[in-house]
Amino acid sequence: MKVGLIGFSGSGKSSLYRASVDTSGKGDVAAVSVPDSRFDKIVQQVSPKKITPASVVFHDNIGSIIGGTGKLFDVRTLENAKKMDLLLHVVRAFDNPAAPYYDTVDPVRDSNKILEELILLDLQIMENRVEKLKKSPKPIRPGSTEYTELTLFEKLIPILSDGTPIRKIYEKGDIDENEELVLRNYQLLSFKPLIVVFNVAESNINSTDDNLKKHMEYLSSLGVVSFTLSASIEEEISELDEEDRGEFLASLGIKEPAKKKVIQYIYDTLGLITFYTAGEKETRAWPLKRGSSALKAADTIHSDIARGFIRAEVIHYADWEDAGSWDAAVKGNKMKLEGKEYSVTDGDLINIRCKV
């Protein structure tokens, strides 16, 4: 999972990056293990030779977003953003006299600027493609990719022109599988999952003004998750020894550090769950789209395993925890044999029977 941090200069984007990766010494790209107490317990019981937790790769190298009246994304920034699975927009909601973008603090304005730009960039791509298709001397026949592109883009252009991002149209169920494939191939930015983080002052950690609350409700109506935190404070917390963090968090009224909070929002926004394979050679946590089948889980492990799929041996985490081990859960009749269409649930321990 590639998560790209974007934001105007002075927004605190890099502070949040450093807080999320838990160290300042990893450059501008870092893979961060997903905090998971269930996985920790499985590892402790199995004692495998190799441990592979689920991870999120944070990118603080997307590029600059330039304020003013011109284009916000330069070519490099735009191309880097397209490669991400999710965009994390950090918005300044604190006084910073050194911030070069605008003199006043206006998180609603800055958030809207990026939302509008992402839609505008997608509109330009669609309009250019429609114009090219209409000028093509080659007949565009129903059922062809070109026909799908033309009809889809002509349907979406007026909706985007009204300020609605593609992700909202998709959530409403107005895009079929073939159209979804077209959108993903074009790497359209208003279709990508987006999280907005309002970077507030320390004094506003546990309070949000009414104007910002109203805007966050508006973002939710567009399919965008948003929340507040203080990146500078979170960076300080990340630099503390593990045993000192809890006391400091409690003194500030913060329930959990940025790293855990941000990753949880990423998982939720991407619609991910976690399943586990627990072996003595390797115990691993696997991210998987919610609602995915056992066959998809097998393919996530290895395409050869999916091709030779016979059955999935499944033990729910709660049953595994109660039993204390895989073998004990099997003896207690808690292991189920499931077919390809079984819908994997969050926390399943899975062993795939397959023919090589």
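Before reading further, recall that the structure is shown in the block above.
The model shown is predicted, which means the values in this text are computed figures rather than measured ones. (Residues numbered from 1 in each chain as written. Predicted model: local features only at pLDDT ≥ 70, side-chain atom pairs only at ≥ 80, totals over all residues. Heavy atoms only, no water.)

Asker: I would appreciate a short explanation of the packing of helix α9 (residues 231–238) against helix α10 (residues 242–252) in the present structure.
Answerer: The description of two packed helices rests on the angle between their axes and on the distance between the axes. Taken N-terminus to C-terminus, the directions of α9 and α10 make an angle of 155°; their axes are 10 Å apart at the nearest point. Taken together, α9 and α10 sit at an angle that is classed as roughly antiparallel. Facing Ile233, Glu236, Ile237 and Ser238 of α9, the residues of α10 in contact are Arg245, Phe248, Leu249 and Leu252. (Axes fitted to C-alpha atoms, helices over the stretch in contact; angles between N-to-C directions. Helix = DSSP H or I, 4+ residues; strand = E, 2+ residues; numbered from the N terminus. Parallel < 35°, antiparallel > 145°, perpendicular 65-115°, else oblique. Contact = heavy atoms within 4.5 Å.)

Asker: Is there a simple way to think about the sheet that holds strand β5 (residues 86–93) in this case?
Answerer: Within a sheet, each strand pairs with its neighbour through backbone hydrogen bonds, oriented either parallel or antiparallel. The mixed open sheet is built from six strands, whose spatial order is β2-β4-β1-β5-β6-β7. Each having just a single partner strand, β2 (29–33) and β7 (225–229) make up the two edges of the open sheet. Between one strand and the next, the sheet's axes are offset by a mean angle of 25°, whatever the strand orientation. In terms of strand pairing, strand β1 (residues 2–6) meets β5 through four bridges, oriented parallel. Bridge pairing in β5 places glycine 4 opposite leucine 87. (Pairing = 2+ DSSP bridges.)

Asker: Help me understand the layout of surface pockets, please; the structure alone is not making it clear to me.
Answerer: One simple way to see leftover space: roll a probe sized like a water molecule over the atoms. In this structure, the largest pocket occupies an estimated 920 Å³ of space. In terms of lining, the largest pocket is formed by 27 residues, of which the most central are Asp85, Arg184, Pro193, Leu270 and Lys289. Those elements that place two or more of their residues in the lining of the largest pocket are α6 (166–171), α7 (177–185), α11 (258–270) and β9 (282–289). Within this model, the second largest pocket holds a volume of roughly 390 Å³. Lining the second largest pocket are 18 residues, and of these Val34, Pro35, Asp36, Ser37 and Gln264 lie nearest its centre. Sorting elements by how many residues they give to the lining of the second largest pocket places α11 first, with five residues. Per-class residue counts for the lining of the second largest pocket are eight nonpolar, three polar and seven charged. (1 Å grid on protein atoms, 1.4 Å probe; cavity = no way out; pocket = protein on both sides within 12 Å on 5 of 7 lines; lining within 4 Å. Points joined across faces, edges and corners; volume = space filled by probe spheres on them. Nonpolar A, V, L, I, M, F, W, Y, C, P; charged D, E, K, R; others polar.)

Asker: Can you help me understand empty space enclosed by the protein in this one?
Answerer: In total, this model carries two cavities of 30 Å³ or more according to the counting rule given. Roughly 30 Å³ of internal volume is contained in the second largest cavity. Forming the boundary of the second largest cavity are Val34, Asp36, Phe39, Pro53, Ala54, Tyr267, Thr274 and Ala285. A breakdown of the residues in the lining of the second largest cavity according to their chemical character gives six nonpolar, one polar and one charged.

Asker: Would you mind going over the pattern of salt bridges with me for this structure?
Answerer: A complete count under the given rule lists 15 salt bridges for this structure. Note that arginine 18 and glutamate 235 form a salt bridge whose closest N and O atoms lie 2.6 Å from each other. Of this pair, arginine 18 sits in helix α1 (residues 13–21) while glutamate 235 sits in helix α9; the two residues are 217 residues apart in sequence, bridging distant segments of the chain. Assessed through its relative accessible area of 27%, arginine 18 is described here as partly exposed. Bridged by salt links that share partners, the residues Asp36, Arg38 and Asp346 form one connected network. (Salt bridge = Lys/Arg side-chain N within 4 Å of Asp/Glu carboxyl O. Buried < 20%, exposed > 50% of the residue type's maximum accessible area, 1.4 Å probe, protein only.)

Asker: Any chance you could explain the packing of helix α4 (residues 107–135) against helix α8 (residues 210–221) here in plain terms?
Answerer: At a minimum axis distance of 10 Å, the contact between α4 and α8 shows a crossing angle of 20°. With respect to each other, α4 and α8 are oriented roughly parallel. The two elements α4 and α8 meet at a crossing, and its hand is left-handed. For the pair α4 and α8, the contacting residues are Pro107, Val108, Ser111, Asn112 and Leu115 in the first and Asn211, Leu212, His215, Tyr218 and Leu219 in the second. Taken together, the residues that form the contact of α4 with α8 break down as six nonpolar, four polar and no charged. (Left-handed = near helix turned anticlockwise from the far one by under 90°.)

Asker: It is not clear to me how the pairing of β5 should be interpreted in this structure. Could you clarify?
Answerer: The two faces of the sheet receive side chains in turn, since in a regular strand these alternate between them. Across the eight residues of β5, eight count as buried, placing the element largely inside the fold. By the alternation rule, side chains of β5 split into Leu86, Leu88, Val90 and Arg92 and Leu87, His89, Val91 and Ala93, which are all buried. Pairing of β5 with strand β6 (residues 194–200), which is carried by seven bridges, proceeds in the parallel orientation. Residue pairing for β6: arginine 92 is matched across the bridge by asparagine 199.

Asker: Help me understand the side chain of serine 111, please; the structure alone is not making it clear to me.
Answerer: Structurally, the position occupied by serine 111 is in helix α4. Excluding residues that lie within four positions of it along the chain, serine 111 makes contacts with His89, Val91, Val196, Phe198, His215 and Leu219.

Asker: Hey, could you run me through the nonpolar core in this one?
Answerer: The tendency in soluble globular proteins is for nonpolar side chains to be buried side by side. Within the largest apolar cluster, 38 residues are counted, with the highest numbers of intra-cluster contacts made by Leu16, Phe58, Leu88, Leu229, Val262 and Ile266. Tallying contributions element by element places α11 first for this core, with six residues. Apart from residues lying up to four places away in sequence, phenylalanine 58 is in contact with Val3, Leu5, Tyr17, Ser20, Val21, Asp28, Val29, Ala30, Val32, Val262, Ile263 and Ile266. Listed in part, the 26 residues of the second largest apolar core include Ile65, Ala93, Leu115 and Val224. (Core = buried A, V, L, I, M, F, W, Y, C linked by side-chain atoms within 4.5 Å.)

Asker: Where do I start with a negative patch on the surface in this structure?
Answerer: The grouping of Asp241, Glu243, Asp244 and Glu247 at the surface amounts to a negative patch. Structurally, glutamate 247 can be placed in helix α10. (Patch = residues over 30% accessible without salt bridge, like charges linked within 9 Å, V, L, I, M, F, W, Y side chains within 5 Å. Areas by Shrake-Rupley, 256 points an atom, 1.4 Å probe, with all protein chains shown as cover. Lys, Arg positive; Asp, Glu negative; His and termini not counted. Charge placed at Lys NZ, Arg CZ, Asp CG, Glu CD.)

Asker: Please explain the environment of serine 238 as it appears in this structure.
Answerer: Of note, serine 238 is situated in helix α9. Setting aside chain neighbours within four positions, we find serine 238 in contact with Arg18, Ala19, Asp22 and Arg245. Among the polar contacts listed, one links the side chain of serine 238 to the backbone oxygen of glutamate 235, at a separation of 2.7 Å. (Polar contact = N/O pair within 3.5 Å; in protein donor to acceptor, adjacent residues only side chain to side chain.)

Asker: Hey, could you run me through the environment of phenylalanine 248 in this one?
Answerer: Within the element layout of this structure, phenylalanine 248 appears in helix α10. Discounting residues that sit within four places of it in the chain, phenylalanine 248 has contacts with Glu236, Ile237 and Leu240.

In short, shape yes, function no, at least from these values alone.
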